[in-house]
Amino acid sequence: MLIATFFAWWYGVGWMTLVQKVSGRVTGVLSFFSVGQLLTSLFAPFRQISAGRVQGPLGVIMRAWVDRLFSRGIGAIVRSLLILTGLCCAAFYGVLGVVMIVFWPVLPVLPLLGLVLMISGYKII
């Protein structure tokens, strides 16, 4: 009865729990890197303190415009690198999770396979 309960959990609730944990881990990585928020503010100025609306001579206005343009370019580069890093980490956890989900049904059989190989004298290495 205990073995039947174990297999019922392993191939039912346990497997679904693993899928939920993998999904939660990928979502958590995307949330940690704030990928969605970084995408919405991709071309926002980067740590810009004082280059807002400027009035005065044309040279001052052009300098403020170049400052804002430069700040937005730096912001886009930094945010793009963070987005790329976040997506790479999420992809890594996603691939690792898919491998775990695929091999989950095989895991209970591996000790029996090892026992059979040990008894038969088969050497893997």
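These notes cover the structure that comes with them. Please read these numbers as outputs of a predicted model, since none were measured by experiment.

The rules behind each value
Residues numbered from 1 in each chain as written. Predicted model: local features only at pLDDT ≥ 70, side-chain atom pairs only at ≥ 80, totals over all residues. Heavy atoms only, no water. Helix = DSSP H or I, 4+ residues; strand = E, 2+ residues; numbered from the N terminus. Buried < 20%, exposed > 50% of the residue type's maximum accessible area, 1.4 Å probe, protein only. Lys, Arg positive; Asp, Glu negative; His and termini not counted. Salt bridge = Lys/Arg side-chain N within 4 Å of Asp/Glu carboxyl O. Contact = heavy atoms within 4.5 Å. Expected span 1.5 Å × (residues − 1). Phe/Tyr/Trp six-rings, centres within 6.5 Å; stacked < 30°, edge-to-face > 60°.

## Quick notes on the side chain of Arg 79
For step 1, the next point in the chain: Mapped onto the elements of the fold, Arg 79 is located in helix H4 (residues 58-103).
For step 2, the next point in the chain: For the buried Arg 79, no salt bridge exists, and the shortest N-O distance to an oppositely charged side chain is 16 Å, to Asp 67.
For step 3, the next point in the chain: Ignoring any residue separated from it by four or fewer positions in sequence, one finds Arg 79 in contact with Leu 38, Ser 41, Leu 42, Ala 44, Pro 45 and Phe 46.

## So, H4
For step 1, the next point in the chain: End to end, H4 covers 67 Å across 46 residues, agreeing with the expected 68 Å (1.5 Å per residue, within 8%).
For step 2, the next point in the chain: Listing the buried residues of H4 in full gives Ala 64, Ser 71, Gly 75, Ala 76, Arg 79, Ile 83, Gly 86, Ala 90, Gly 94, Gly 97 and Ile 101.
For step 3, the next point in the chain: Buried residues in H4 make contact with helix H2 (13-32) and helix H3 (35-40).

## Description of the packing of aromatic side chains
For step 1, the next point in the chain: Counted according to the given criterion, the structure contains 9 aromatic pairs.
For step 2, the next point in the chain: Both rings, one in Phe 7 and one in Tyr 11, keep their centres 6.1 Å apart while their planes meet at 10°; by these two values the pair is stacked.
For step 3, the next point in the chain: For Tyr 11, a relative accessible area of 35% translates into the label partly exposed.
For step 4, the next point in the chain: One aromatic cluster in this structure is built from Phe 6, Phe 7, Trp 9, Trp 10, Tyr 11, Trp 15 and Trp 104.

## Side note on helix H5 (residues 110-120)
For step 1, the next point in the chain: The buried count for H5 comes to 0 of 11 residues, which makes it a mostly uncovered element.
For step 2, the next point in the chain: Of the residues trailing H5, Gly 121 is marked for its positive phi of about 80°.

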